[in-house]
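Observations on the model geometry
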Amino acid sequence: MRLIEIFYSMQGEGPAMGRPATFVRLAGCNLRCQGCDTDERPCRELSVPDVRESIQGKRVVITGGEPTLQMEELSQLISLLHDLGKEIHIETNGTNPIPEEMLDKIHCAVVSPKRGSDFHLDFWAGKKNVHLKFVLGKAPWCWTFELLEQLVPALAKERVWIMAYGTDQDMQGAREAWDLALRLDVNYSDRLHIRLKRR
Ligand code: SF4
């Protein structure tokens, strides 16, 4: 697999916020969101068994980049981790639907659709182990108040998260995301790793 890094830390955002996990960050993405450095980061090749050997603890978050670009290797890794009884989480931009058989082995898929991309909302919204995380902000790929006010009411509220775009410790925009989540009666996600300057 082409990957950027494997590390053990705490999930800082979304439904598993505050829970420890091994993060497997895969390389490459099919989108080019402004401000994202994923394609500039050095990466290496590691076999699926070697990735498995580097995993600590019960929970694994497979992230990117866009993990579904390596669907075959991803499927092998998920099967291996599932057989080991790991709690598998995945983070994706939603542009490549994950086959049902693979999705069934995943405890929680967090789909963070980017504005203007083809993110297959009907497919994801119907899955009980899928949470949708929308990033509110001014960048062209972020969501606006108006768009989320139109989109969110038709979705399962307990599986929708609103988070501010923020890479600085003060997380400007967090209050607006909080207020919008409250108004729409959905979940607010912070970015604890950014606030606490942790990886
Ligand atoms: S989808 Fe995620 S990884 Fe891909 S370019 Fe956008 S922010 Fe970066």
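Read on for a plain summary of the structure. (Residues numbered from 1 in each chain as written. Predicted model: local features only at pLDDT ≥ 70, side-chain atom pairs only at ≥ 80, totals over all residues. Heavy atoms only, no water.)

Quick notes on the pattern of salt bridges
Formally: Any carboxyl oxygen of Asp or Glu that lies within 4 Å of a side-chain nitrogen of Lys or Arg is treated as forming a salt bridge with it. Secondary structure follows DSSP: runs of H or I at least 4 residues long count as helices, runs of E at least 2 residues long count as strands, and numbering of each begins at the N terminus. The buried label goes to any residue with under 20% of its type's maximum accessible area, the exposed label to any with over 50%, and the partly exposed label to all in between, with areas taken from a 1.4 Å probe on protein chains only.
Applying the stated rule across the entire model yields 11 salt bridges. Here Glu5 makes a salt bridge to Arg41, at a shortest N to O gap of 3.2 Å. Residue Glu5 is located in strand 1 (residues 2-10), and its partner Arg41 is located in the loop between strand 2 (20-26) and strand 3 (44-45); the two are separated by 36 residues in the primary sequence. Overall, the relative accessible area of 12% leaves Glu5 in the buried class. Residue classification places Arg41 among the partly exposed positions, given a relative accessible area of 30%. Several salt bridges share partner residues, and in doing so they unite Glu5, Arg25, Arg41 and Arg199 into one network.

Focus on the environment of Lys157
Put simply, the rule is: What makes two residues a contact is simply this: any of their non-hydrogen atoms within 4.5 Å.
With respect to the secondary-structure elements, Lys157 resides in the loop between helix 5 (145-151) and strand 8 (160-164). Remark: the alpha-carbon pair of Lys157 and Gly126, spanning 31 residues in sequence, is separated by 12 Å. Once residues within four sequence positions are removed from consideration, Lys157 is found in contact with Leu184, Asp185, Val186 and Asn187.

Points about the nonpolar core
Where we set the bar: Remark: nonpolar core denotes a set of buried residues (Ala, Val, Leu, Ile, Met, Phe, Trp, Tyr, Cys) joined through side-chain atoms within 4.5 Å.
Ranked by internal contacts, the top residues of the largest apolar core, which has 46 residues, are Val51, Ile62, Ile106, Phe134, Leu148 and Ile162. For this core, the element with the most residues is helix 6 (residues 174-184), which contributes five residues. Apart from the residues within four sequence positions on either side, Ile106 is in contact with Ile78, Ile88, Ile90, Ile98 and Asn129. Grouped together as the second largest cluster of nonpolar side chains are eight residues, Leu31, Ala139, Trp141 and Cys142 included.

Observations regarding the packing of aromatic side chains
Put simply, the rule reads: Two rings belonging to Phe, Tyr or Trp (six-membered ring only in the last case) form a pair when the distance between their centres is within 6.5 Å. Interplanar angles under 30 degrees mark stacking, angles over 60 mark edge-to-face geometry, and anything in between is tilted.
All chains considered together, the criterion is met by six aromatic pairs. Relative to Trp143, the ring of Phe119 lies with its centre 5.7 Å away and its plane at 85°, an arrangement referred to as edge-to-face. Of this pair, Phe119 sits in the loop between strand 6 (108-111) and helix 4 (121-125) while Trp143 sits in the loop between strand 7 (130-136) and helix 5; the two residues are 24 residues apart in sequence, bridging distant segments of the chain. As far as the burial class goes, Phe119 and Trp143 line up, both buried. Measuring from centroid to centroid gives 5.3 Å for Phe134 and Trp143, while their planes differ by 85°, and the two rings are edge-to-face. Taken individually, Phe134 and Trp143 each receive the classification buried, so the pair is uniform in this respect.

Observations concerning the sheet that holds strand 3
Sheets are built from strands paired through backbone hydrogen bonds, the pairs being either parallel or antiparallel. Filter applied, for reference: Two strands are said to pair when DSSP picks up at least two bridges between them. Here, axes are lines fitted to C-alpha atoms. For helices the fit covers the stretch in contact, and angles between N-to-C directions go from 0 to 180 degrees.
In space, the nine strands of this open sheet follow the order 3-1-2-4-5-6-7-8-9, with mixed pairing throughout. One side of each edge strand has no neighbouring strand; the edge strands of this open sheet are strand 3 and strand 9 (187-189). Relative to strand 5 (residues 87-92), strand 4 (residues 59-63) runs parallel, the two sharing four bridges. Residue Val60 lies in a different strand from strand 5, and its bridge partner there is Ile88. Packed onto the sheet, helix 2 (residues 71-83) meets strand 2, strand 4 and strand 5 and runs at close to 175° relative to strand 4. Along the sheet face, helix 6 touches strand 7, strand 8 and strand 9 and points at about 160° away from the line of strand 8.

The quantities given are spatial measurements derived from coordinates; they are silent on function.
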